[in-house]
Amino acid sequence: MITHHSSPVTTRLILGIETSCDETSVAVIDGEGRVLSNIIASQVEQHAKYGGVVPEVAARAHLENLPATLERALTHGGVSLDNIDIVAATAGPGLIGALLVGLSAASALAFARGIPLVPVNHLEGHLFSAFLTPDGQPARTVEYPFHGLVVSGGHAELVRVEEDRVVPLARTRDDAPGEAFDKVARRAGLPYPGGPVIDRIAAKSRGGSLALPIGRPGDGSNDFSFSGLKTAMLREFEKRGVSGAPLDPDAIDADLADLFASFQRAIVDALLERVEAIHQTEGIERLALSGGVAANSELRERLTAWGHQRRVSVLLPARALTTDNAAMIAWAGWLRHRREGPRAASPAPARSRWPLGT
Ligand code: KG4
Ligand code: ZN
């Protein structure tokens, strides 16, 4: 994706670098959150034949893709490295080898130019992505506190975001929703990644007649669980003789389409149920949705409807900014830098695990 913006830039310029998983991305934004460029080199094709991301393949691909991606981000943003004031890079959570590629490049750039390096939590990047617009407009004002629902291939997190801290309220105990979409799709023989494919099938079917189990840890917490739903789907596949042989998403029968629609509905039900529970306990004023699964049509529609009903302002990220991208990393890094000021020039370690709020 390319976003071009041509009006003169008077504020600071932030370079963002994202390499935590299977997208190599470099972006330039300004201090008002205008996205000047946001280049994403996807590795989906390299991983598709394995049905998921292979860490070693990802690290190598980042190494190959990063120089050209950086070059394109600067060119499309109409800037040179000399104009950059701050570098923000994803430091975790993610695949350690993949993270190291982006983070080392960012450290080198910051060192060579004598400018600050801001290590960014990938989840924090998603969290604030709903405030950005993809079309060169300034970002929407971030008002605290707000609640955030991050749903991706690796995470399901519901948090309260205050000016100086992030408070975790619920997370998944097992699979992430995107992971459930991907695994179920793979088991059915559908292409990777499974989320967009199932979204499309479900939209055409307008079905969803089957009641599937929504997991809930039995300890009174609001945590999510999606592995029971996944297991239930595997049983349904067995019943229907779905073998895992390649399946054409455009040629599946009505019964199977209804099953996928039911699966998607169960995931959205689970997410909405927890959002409602948190709303009942502490009152949500603003809810920012984010992460790859935030591209899901049913989730976007039903969360918006919920917001109308409850008078909660629901912020949806632009679809182009839902999956991994460096614009959101630059934005989160800039917000943190503005909040906390320049940090000591210590090297930022890459962290495979980095829970929000720590
Ligand atoms: O945020 P992301 O790019 O990477 C992670 O940080 O995990 O999210 C990727 C995930 C994949 O699991 C993909 O299947 C899912 O987002 N996804 C969707 C849709 N588009 C992408 N899931 C449901 N519906 C979609 N339309
Ligand atoms: Zn992500």
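Residues numbered from 1 in each chain as written. Chains lettered and ligands numbered in written order. Predicted model: local features only at pLDDT ≥ 70, side-chain atom pairs only at ≥ 80, totals over all residues. Heavy atoms only, no water.

Novice: An account of the environment of threonine 358 is requested, with residue identities and associated values reported.
Specialist: Relative to the assigned elements, threonine 358 resides in the segment after α10 (326–340). Since its relative accessible area comes to 64%, threonine 358 is described here as exposed. For the pair threonine 358 and valine 166, spaced 192 residues apart in sequence, the C-alpha to C-alpha distance is 8.2 Å. A distance of 2.7 Å separates a polar side-chain atom of threonine 358 from the backbone oxygen of proline 355. (Helix = DSSP H or I, 4+ residues; strand = E, 2+ residues; numbered from the N terminus. Buried < 20%, exposed > 50% of the residue type's maximum accessible area, 1.4 Å probe, protein only. Polar contact = N/O pair within 3.5 Å; in protein donor to acceptor, adjacent residues only side chain to side chain.)

Novice: I'd like a rundown of the sheet that holds strand β9 (residues 286–290), residues and numbers included.
Specialist: Here five strands make up an open sheet; going across it, the order is β8-β7-β6-β9-β10 and the pairing mixed. The sheet is open, and its two borders are formed by β8 (165–171) and β10 (313–315), each paired with just one other strand. Mean inter-strand twist for the sheet, computed between neighbouring axes without regard to direction, equals 25 degrees. When strand β6 (residues 146–151) meets β9, the two strands line up parallel, connected through four bridges. Bridge pairing in β9 places glycine 148 opposite alanine 288. Along the sheet face, helix α8 (residues 254–282) touches β6, β7 (156–162), β8 and β9 and points at about 160 degrees away from the line of β6. Relative to β9, helix α9 (residues 297–310) is tilted by about 175 degrees, and along the sheet it contacts β6, β9 and β10. (Pairing = 2+ DSSP bridges. Axes fitted to C-alpha atoms, helices over the stretch in contact; angles between N-to-C directions. Contact = heavy atoms within 4.5 Å.)

Novice: So, the coordination of the zinc ion (ligand 2): which residues are in play, and what are the values?
Specialist: The protein atoms donating to the zinc ion (ligand 2) are His122 (NE2), His126 (NE2) and Asp324 (OD), with metal-donor distances spanning 2.1 Å. Mapping the donors of the zinc ion (ligand 2) onto the primary sequence gives the spacing H-x3-H-x197-D. With histidine 122 in helix α4 (residues 122–127) and aspartate 324 in the loop between β10 and α10, this residue pair connects regions lying 202 residues apart in the sequence. Accessibility classification places histidine 122 together with aspartate 324 in one group, the buried group. (Donors = N, O, S within 2.8 Å, 3.2 Å for Na, K, Ca; no water.)

Novice: Give me the lowdown on the side chain of aspartate 30, citing residues and values where you can.
Specialist: Note on placement: aspartate 30 falls in strand β2 (residues 23–30). Only 2.9 Å separates the side chain of aspartate 30 from the backbone nitrogen of glutamate 32, close enough to count as a polar contact. At 2.9 Å, the side chain of aspartate 30 forms a polar contact with the side chain of arginine 34.

Novice: For the packing of helix α6 (residues 194–205) against α8, give the residues involved together with the corresponding values.
Specialist: At a minimum axis distance of 8 Å, the contact between α6 and α8 shows a crossing angle of 110 degrees. Classified by the angle their axes make, α6 and α8 are roughly perpendicular. The two elements α6 and α8 cross, and the hand of that crossing is left-handed. Between α6, through Ile198, Asp199, Ile201, Ala202 and Ser205, and α8, the contact on the second element is made entirely by Ala257, Asp258, Phe260, Ala261, Phe263 and Gln264. (Parallel < 35°, antiparallel > 145°, perpendicular 65-115°, else oblique. Left-handed = near helix turned anticlockwise from the far one by under 90°.)

Novice: Describe the environment of serine 227, naming the residues involved and giving the relevant values.
Specialist: Relative to the elements of secondary structure, serine 227 occurs in helix α7 (residues 227–240). On a C-alpha basis, the gap between serine 227 and aspartate 174 in space is 6.2 Å, while along the polypeptide they are 53 residues apart.

Novice: Help me get a handle on the packing of aromatic side chains, residues and values and all.
Specialist: Per the counting criterion, the structure on display carries seven aromatic pairs. Ring centres 5.6 Å apart and planes at 80 degrees place the aromatic pair phenylalanine 128 and phenylalanine 146 in the edge-to-face group. One end of the pair, phenylalanine 128, is in the loop between α4 and β6; the other, phenylalanine 146, is in strand β6, with 18 residues separating them in the sequence. Phenylalanine 146 carries the same exposure label as phenylalanine 128, and that label is buried. When the centroid spacing of 5.3 Å and the interplanar angle of 80 degrees are considered together, the rings of phenylalanine 181 and phenylalanine 263 count as edge-to-face. Separated by 82 residues along the polypeptide, phenylalanine 181 in helix α5 (residues 177–188) and phenylalanine 263 in helix α8 bring together distant segments of the chain. Taken individually, phenylalanine 181 and phenylalanine 263 each receive the classification buried, so the pair is uniform in this respect. Grouped by ring-pair contacts, the aromatic residues Phe128, Phe131, Tyr144 and Phe146 constitute a single cluster. (Phe/Tyr/Trp six-rings, centres within 6.5 Å; stacked < 30°, edge-to-face > 60°.)

Novice: Could you give me a rundown of the pattern of salt bridges, with the residues and numbers involved?
Specialist: Two side chains of opposite charge can pair, provided their charged atoms sit close to one another. The final tally for this structure, using the stated rule, is 28 salt bridges. Residue lysine 230 pairs with aspartate 175 through a salt bridge whose shortest N-O separation is 2.9 Å. Placement of lysine 230 in helix α7 and of aspartate 175 in the loop between β8 and α5 is noted, with a sequence separation of 55 residues between them. For the pair lysine 230 and aspartate 175, one class covers both residues: buried. When the shortest N-O distance is used, the salt bridge between aspartate 250 and lysine 204 registers 3.3 Å. Linking aspartate 250 in the loop between α7 and α8 with lysine 204 in helix α6, this pair joins segments that are 46 residues apart in sequence. Neither residue differs from the other here; aspartate 250 and lysine 204 are each classed as exposed. (Salt bridge = Lys/Arg side-chain N within 4 Å of Asp/Glu carboxyl O.)

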